[in-house]
Amino acid sequence: MRHLLAIDDLDRDAIIGLLDGSEYMSEVLAREIPKVPALRGKTIVSLFYEDSTRTRLSFETAAKRLGADTMTFTAGSSSVKKGESLLDTVRTIESMGIDAMVVRHSAAGAPHRIAGWIDAAVVNAGDGRHGHPTQALLDAFTLRRHRGDLTGARIGIVGDVRNSRVARSGIECWDRLGAQITLIGPPTLMPERLDGWPVDVAHDFDAVISELDVVYVLRVQQERIGRALLPSLREYYTRWGLNTDRAERMKPDALVMHPGPMIRGSEIATEVVDGPRSLVREQVANGVAVRMAVLFDLIGSGGLV
Ligand code: NCD
């Protein structure tokens with residue numbers, strides 16, 4: 001793999017290869033000293049033009065666990081404020097000598113453009129409403145650990161699918177692994193066009209909840225939504241929130257996931273987040289292992305120890 005820009009760049013075997021690699025990395029993370037020198041001497045920079053907690057820290061932890069040097073760039077405290085362009089910023093950073101650049105940007109396609117400008121490997125850590133491939137991989141890894149396989153798993157993605165790069169990458173990834181995906185939410189938060197997407201759509205959450213193996217809850221991305229499209233938040237929660245009543249109607253072994261950040265009480269109840277079905281904290285922990293596997297695949301050369 002030269003870059004990881006979208007799940008579309010990966011076929012089923014490539015996805016499975018990365019998940020198997022993540023399994024190995026997760027063994028490394030369970031060691032007394034959770035570190036291997038596989039990327040010693042390599043430099044990885046995270047270039048974040050949009051806010052992030054999990055994704056940025058997870059990539060940086062992954063890089064450090066592999067012995068790489070890390071640099072962090074956040075647009076808010078940089079010369080972007082003085083008017084420096086994306087191209088000049090990227091070239092400036094590249095001149096310092098880097099092997100990989102992890103990019104988050106509000107413009108869809110920004111990581112693809114950057115990949116055309118520099119020699120370093122580029123990883124998409126979220127671009128606009130387009131994609132977030134490592135999130136999809138870490139969710140697949142988390143589910144595989146619980147179910148053994150995603151074949152036939154019925155995954156309901158609930159909420160603001162229209163604005164969600166997590167949903168877009170998730171659908172591409174989990175479909176390749178054999179899952180069946182149902183999108184659930186108000187019509188205004190569904191993608192405008194769904195032709196060719198391997199999904200069903202349900203507007204009535206209660207009608208499908210008892211058939212799902214996984215309920216994947218999304219945040220309502222207020223910052224990307226025009227006011228007019230959203231019912232009141234209270235109405236939203238009543239109809240599409242994963243409250244305790246709904247959670248009780250799930251299959252006995254069904255699982256709950258959320259990519260974070262969560263707004264408790266807005267899309268998911270606190271009791272459900274902290275309850276026995278919830279994989280939320282495992283998703284975060286697994287994110288480090290999966291990003292280690294991705295970074296090693298992109299810029300590792302020697303073997304693993
Ligand atoms: C999301 C993102 O930024 O795409 N979070 C994440 O990376 N885990 C989802 C969101 O902001 O709701």
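Residues numbered from 1 in each chain as written. Predicted model: local features only at pLDDT ≥ 70, side-chain atom pairs only at ≥ 80, totals over all residues. Heavy atoms only, no water.

### Re the overall build of the protein
- A tally of regular secondary structure across the protein gives 11 helices and 9 strands.
- At 19 Å, the protein has a C-alpha radius of gyration in line with the 19 Å of a compact globule built from 305 residues.
- With the C-alpha coordinates of the protein rotated into their principal frame, the extents come out at 55 × 45 × 35 Å.
- Residues classed as buried in the protein amount to 55% of the 305 residues present.
- A separation threshold of at least 6 residues defines the contact pool for the protein, and within that pool the share at least 24 residues apart is 74%.
- Of the roughly 13200 Å² of accessible surface on the protein, 48% is carried by carbon and sulfur atoms.
- The positive charge centre, built from 37 side chains, and the negative charge centre, built from 40, are 4 Å apart in the protein. (Helix = DSSP H or I, 4+ residues; strand = E, 2+ residues; numbered from the N terminus. Rg over C-alpha atoms; globule rule 2.2 N^0.38 Å. Buried < 20%, exposed > 50% of the residue type's maximum accessible area, 1.4 Å probe, protein only. Contact = heavy atoms within 4.5 Å. Areas by Shrake-Rupley, 256 points an atom, 1.4 Å probe, with all protein chains shown as cover. Lys, Arg positive; Asp, Glu negative; His and termini not counted. Charge placed at Lys NZ, Arg CZ, Asp CG, Glu CD.)

### Concerning the sheet that holds strand 3 (residues 100-105)
- Taken in spatial order, the 4 strands make up an open sheet running 2-1-3-4, and their pairing is parallel. The outermost strands of the open sheet, each flanked by one partner alone, are strand 2 (69-74) and strand 4 (121-127). Between one strand and the next, the sheet's axes are offset by a mean angle of 15°, whatever the strand orientation.
- Bridge count between strand 3 and strand 4: 5 bridges; the pairing is parallel. Paired with Val 102 across the strands is Val 123, a residue of strand 4.
- Seen against the sheet, helix 2 (residues 54-65) touches strand 1 (43-48), strand 2, strand 3 and strand 4 and runs at an angle of roughly 160° to strand 2.
- Contacts from helix 11 (residues 280-299) reach strand 1, strand 3 and strand 4, with the element oriented near 145° to strand 4. (Pairing = 2+ DSSP bridges. Axes fitted to C-alpha atoms, helices over the stretch in contact; angles between N-to-C directions.)

### Describing the side chain of Ser 22
- Of note, Ser 22 is situated in helix 1 (residues 12-29).
- With relative accessibility at 1%, the residue Ser 22 sits in the buried group.
- Within the structure, Ser 22 has its side chain in polar contact with the backbone oxygen of Leu 18 (distance 2.7 Å).
- Not counting the four nearest positions on each side in its chain, Ser 22 is found in contact with Phe 141, Ala 289, Val 290 and Ala 293. (Polar contact = N/O pair within 3.5 Å; in protein donor to acceptor, adjacent residues only side chain to side chain.)

### Things to note about the domain arrangement of the protein
- Assigned domains of the protein: these are domain 1 (7-132 + 284-299) and domain 2 (133-280).
- Look at where the C-alpha atoms of domain 1 and domain 2 centre, and you get two points 25 Å apart.
- Contact residues are listed per partner, giving 33 residues for domain 1 and 28 residues for domain 2.
- Roughly 2800 Å² is buried in total at the junction of domain 1 and domain 2, and carbon and sulfur atoms are behind 53% of that figure.
- Of all residues in domain 1, Ile 7, Arg 129 and His 132 give up the largest surface area on contact with domain 2, accounting jointly for 28% of the area buried on that side.
- Linking domain 1 with domain 2 are 5 salt bridges.
- Residue Glu 50 pairs with Arg 165 through a salt bridge whose shortest N-O separation is 2.8 Å.
- Elements that contribute at least two residues to the side of domain 1 that touches domain 2 include exactly helix 1, helix 2, strand 3, strand 4 and helix 11.
- Among the elements that take part in the side of domain 1 that touches domain 2, helix 1 stands out by supplying 9 residues, more than any other. (Domains from an automatic or database assignment. Buried area = accessible area lost by both parts, 1.4 Å probe. Salt bridge = Lys/Arg side-chain N within 4 Å of Asp/Glu carboxyl O.)

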